[in-house]
Amino acid sequence: MAIYLDNAATSYPKPEEVYRAIESFVRASGANPGRGGHRRAVEAEAMINETRRLLARLFGVPRPERIVFGHNATDGLNMAIKGVLRPGDHAITSVLEHNSVSRPLNQLEEERVITLTRLPASADHLIDPDEVERAFRPNTRLVALTHASNVTGTIQPIAAIGRIVRARGALFLLDAAQSAGAVAIDVERDCIDLLAFTGHKALLGPTGTGGLAVGDRATVRPWREGGTGGDSTRPVQPEEFPHRLEGGTPNIFGIAGLREGVRLLLERGVESILAHERALLKTFVASLKRPERLVWYGADRVIADRNSEGRVGLVGVNIPGFAPAEVGAILDDQFDIAVRPGLHCAPYAHKHLGTFPQGTVRLSVGILTTDDDVRRAAEAIDEIAAG
Ligand SMILES: Cc1ncc(COP(=O)(O)O)c(C=O)c1O
């Protein structure tokens, strides 16, 4: 049977309840929300607003209408970066970022709209809050960082960083693509002004869902303007949330699935999901006959000795003598195991690891991954490493 260990790219399969929720919603009331005022349109609007309330509960967002839906985390990050930064601003980011953070910032820097500081990571793949503090300039408007790296799996010290950013009067944008649904998030406690999330990874929804939670301190210019289904008389985008940032028909099929995914997470508790994923990583490492044959980038010690403390449910490894793409192809072709080799859209993170340009082989577990899945992956990797 096929084994899926690419949950950091997208969670798969989704829980049965998610599939059923999409089907039953779209069959019963799949109308365009708010556009007509007829019963089905009102039901669609109510479903979307309920999803906002559930996400607000999950992230500690006080005002659900400040949860703005878009296509994915990339959309939320672009909304934030392009909506907040102005000519002459300085932004701080890090080497651990996904291209969905790095590229929009690099582009603005290349066009000389902003200046940019890219912070290094420590040997433990963490961003040092003191380095963030030192990087501040009088014109620093935005600090944009990942919560959990999709390459190293390390969870960043965001509480300490958030306090610094708040004290300095800048805005803190957190890329929660790998953490939303897997790590507890509280935007108020951690001083997060802008939280970009994706719906299709640990939040268990379908692809094409995600967005941005916008705190009260942030003024975000809309970068996608259009119809909002409400007052059409205004010549420009309305001021009110969520319409200010939500031009166009939303992905109601997707959001119906996301609603169910978030409901399940709130029921089970994010902490229990993370504990499950960490236990799976431990089983994976313990099941390898000769773990020392792999290159671990420090992850093996943390997984085996410290219960994956400070990590999400992914690990990147290399097998000496094999290119990551080769390992990925062998696992796929000969063992029917899906993993993700390469650079994972995070070239600076791989430069930090010393694995650029080939990358690593990333195995990532999810809510439905079993002990048996990771044991069989360990057997396959042992077999490949043994040549
Ligand atoms: C850390 C990180 N940020 C952003 C993204 C982008 O997410 P999406 O493809 O849903 O826009 C990903 C996806 O892999 C990611 O891992």
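Residues numbered from 1 in each chain as written. Predicted model: local features only at pLDDT ≥ 70, side-chain atom pairs only at ≥ 80, totals over all residues. Heavy atoms only, no water.

Visitor: Explain unusual backbone geometry to me, please; I cannot follow it from the model alone.
Guide: P242 follows F241 through a cis peptide bond whose omega is 0 degrees. Locating P242 in the fold gives a position in the loop between β8 (210-214) and α7 (252-268). Its identity as a non-glycine residue notwithstanding, C345 has a phi of 55 degrees, on the positive side. Residue placement: C345 occurs in the loop between β11 (340-342) and α11 (347-353). What makes C345 partly exposed here is its relative accessible area of 44%. (Helix = DSSP H or I, 4+ residues; strand = E, 2+ residues; numbered from the N terminus. Buried < 20%, exposed > 50% of the residue type's maximum accessible area, 1.4 Å probe, protein only.)

Visitor: I would appreciate a short explanation of the nonpolar core in the present structure.
Guide: Inside soluble globular proteins, nonpolar side chains tend to come together where they are buried. Formed by 53 residues in total, the largest nonpolar core has its most connected members in L55, F59, F172, L195 and L203. Of the residues forming this core, the biggest block, eight residues, is contributed by helix α2 (residues 39-59). If near-sequence neighbours (up to four positions away) are discounted, L195 is found in contact with F59, L174, A176, I185, V187, G211, L212 and A213. (Core = buried A, V, L, I, M, F, W, Y, C linked by side-chain atoms within 4.5 Å. Contact = heavy atoms within 4.5 Å.)

Visitor: Would you mind showing me how to read the pattern of salt bridges here?
Guide: Oppositely charged side chains can form a pair if their charged atoms are brought close together. Within the structure shown, the criterion is met by 22 salt bridges. Linking R340 and D6 is a salt bridge whose minimum nitrogen-to-oxygen distance equals 2.8 Å. On the criterion of sequence distance, the pair formed by R340 in strand β11 and D6 in the loop between β1 (3-4) and α1 (16-29) is long-range, its members being 334 residues apart. What makes D6 buried here is its relative accessible area of 5%. Its salt-bridge partner being R141, residue D89 comes within 2.5 Å of it at the nearest N-O pair. On the criterion of sequence distance, the pair formed by D89 in the loop between α3 (73-84) and β3 (90-94) and R141 in strand β5 (residues 140-146) is long-range, its members being 52 residues apart. On the accessibility criterion, D89 (6% relative accessible area) is buried. Members of the salt-bridge network, linked through shared partners, are E50, R259, E260 and R263. (Salt bridge = Lys/Arg side-chain N within 4 Å of Asp/Glu carboxyl O.)

Remember, this is a structural readout, not a statement about activity or role.
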